[in-house]
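Analysis of the macromolecular model
Residues per chain are reported as follows:
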Amino acid sequence: MTTLSTSNKTALITGASSGIGKALAHQFAHDGYQLVLAARGVAKMQALADELQRTYKVTVTVIAADLETHDGAAGLHADIKARGIVLSALVNNAGYGAFGEFKDSALMSELAMMQLNMNTVVVLTKLFLPDLLATRGKILNTASTAAFQPGPYMAVYYATKSFVLSFSEAIASELEDTGVTVTALCPGPTASGFQDKADLGNSALIKGKKLPTSEEVAELGYRAMQRGQRVYIPGFVNWAMAQSMRFTPRNLATKVVKILTRPIS
Ligand SMILES: NC(=O)c1ccc[n+]([C@@H]2O[C@H](COP(=O)([O-])OP(=O)(O)OC[C@H]3O[C@@H](n4cnc5c(N)ncnc54)[C@H](OP(=O)(O)O)[C@@H]3O)[C@@H](O)[C@H]2O)c1
């Protein structure tokens, strides 16, 4: 198997129109990867593509994709294949959360979030795996520190990220002799479009707190992916919290998250 030089490598990044995905696009382009950017915000991605092409002299393809629809992920795969692109990195990053009590949330919104945060990750991984096996490629899935315990006030979101972490670790193990690596990036609260989208303004989780930037998280996550690390949690406090959850009774862990996430005025 010949190894592709970085300049022949192409990465797909979902959720590249803002936040961590946008910052990851800079990391990949800096290393010479050609890029495919996918999200709904085409204007933002086109501006990013222009900047990356100018700065790093890489080819960037922008594809409009609504990945919380039933056919969104398969349509994106078909579009990329129709362009003759073979991936050597897949970044399943698009995702969002929603703050509030489960009894008050709209079922259709929760199901759409589950489609994006979980189903799309599985569909894209399944459909692009032949590419990644052929190129001995890399998968980077953006999970969260939410993956390590239940999350009152963001119940469905936390559960989706547990899914992403579990799925990533399991397939990393299955793929260990193939040359394909799988990394679950598990950031804690990070400054991005996430807080507004999730309506987190009144949550103790972020109110009055200084959050790491998307650029800081993306750089660390990118390096973890290059090392082939299976699970990477940026930041010592986040790492320590996640580790402590292993030894904390589940009830207590849930209570702690409830206090840390509670609505405050
Ligand atoms: N920020 C945090 O505190 C934090 C912490 C842990 C994990 N994460 C995870 O990090 C990932 C990136 O989020 P972020 O923090 O960078 O937030 P962000 O700035 O809001 O970015 C989210 C990205 O997902 C895309 N997206 C949302 N809905 C989509 C849809 N229906 N179809 C296609 N793309 C869609 C958005 O693009 P369009 O709106 O243009 O479609 C955007 O590019 C998510 O998986 C999130 O769960 C975030």
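Our subject in this report is the structure included herewith.

Criteria and thresholds
Residues numbered from 1 in each chain as written. Predicted model: local features only at pLDDT ≥ 70, side-chain atom pairs only at ≥ 80, totals over all residues. Core = buried A, V, L, I, M, F, W, Y, C linked by C-beta atoms within 7 Å. Buried ≥ 20, exposed ≤ 12 C-beta atoms within 10 Å, placed from the backbone. Helix = DSSP H or I, 4+ residues; strand = E, 2+ residues; numbered from the N terminus. Contact = placed C-beta atoms within 7 Å. Pairing = 2+ DSSP bridges. Right-handed = clockwise from strand over helix to strand, strands pointing away. Near = placed C-beta within 6 Å. Nonpolar A, V, L, I, M, F, W, Y, C, P; charged D, E, K, R; others polar. Axes fitted to C-alpha atoms, helices over the stretch in contact; angles between N-to-C directions. Parallel < 35°, antiparallel > 145°, perpendicular 65-115°, else oblique. Left-handed = near helix turned anticlockwise from the far one by under 90°.

The biggest cluster of nonpolar side chains holds 69 residues, and the ones touching the most others in it are Ile13, Ala25, Leu35 and Leu37. The element that contributes the greatest number of residues to this core is helix H4 (residues 107-135), accounting for 7 residues. Look past the residues within four positions of Ala25 in its chain and what remains in contact with it is Ile13, Ala16, Leu35, Leu37, Leu48 and Leu52.

Let's shift gears to the environment of Glu219. Within the secondary structure, Glu219 is located in helix H7 (residues 214-227). For the pair formed by Glu219 and Asn117, sequence separation is 102 residues and the distance between their alpha carbons is 22 Å.

Judged by how many residues are buried, strand E5 (residues 138-142) sits mostly within the fold: 5 of 5 residues are covered. Neither face of E5 is exposed, since Lys138, Leu140 and Thr142 on one face and Ile139 and Asn141 on the opposite face are all buried. Strand direction decides the pairing type here: strand E4 (residues 89-92) and E5, joined by 4 bridges, are parallel. The residue of E5 that forms the bridge with Val91 is Leu140. A crossover connection joins E4 to the parallel E5 through H4; in handedness this β-α-β unit is right-handed. In terms of strand pairing, E5 meets strand E6 (residues 181-185) through 5 bridges, oriented parallel. Its bridge partner lying in E6, Thr142 is registered against Leu185. Between E5 and its parallel partner E6, the chain crosses via helix H5 (residues 155-174), and the hand of that crossover is right-handed.

The next thing to look at is the site of the ligand. Inspection of the region around the ligand gives 31 residues, with Gly15, Gly19, Gly41, Gly95 and Gly193 positioned closest. Of all the elements, helix H1 (residues 19-30) adds the most residues to the shell around the ligand, at 3 residues. Partitioning the shell around the ligand into residue classes produces 11 nonpolar, 16 polar and 4 charged.

In this fold, Val122 is placed in helix H4. Distance from Val122 to Val164, taken between C-alpha atoms, is 8.9 Å for residues 42 residues apart in sequence.

On to the packing of helix H3 (residues 72-82) against H4, then. When two helices pack together, their arrangement is given by the angle between the helix axes and by the axis-to-axis distance. Between H3 and H4, the least distance of the axes is 9 Å, while the angle of their chain directions is 30 degrees. Here H3 is positioned roughly parallel relative to H4, judged by the angle of their axes. Once H3 is placed against H4, the crossing between them reads as right-handed. The residues of H4 that touch H3, namely those facing Gly72, Ala73, Ala74 and His77, are Thr120, Val123, Leu124, Leu127 and Phe128.

A few words on the sheet that holds strand E1 (residues 10-14). Taken in spatial order, the 7 strands line up as E3-E2-E1-E4-E5-E6-E7 in an open sheet, and their pairing is parallel. Among the strands making up the open sheet, the edge pair consists of strand E3 (60-64) and strand E7 (231-232). Pairing of strand E2 (residues 34-39) with E3, which is carried by 5 bridges, proceeds in the parallel orientation. Following the sheet pairing, Leu35 is matched in E3 by Val60. Strands E4 and E5 of the sheet are contacted by H4, whose axis makes an angle of about 175 degrees with E4. Sitting on the sheet, H5 touches E5, E6 and E7, and the angle it makes with E6 is about 160 degrees.

Shape descriptors only; they carry no functional weight alone.
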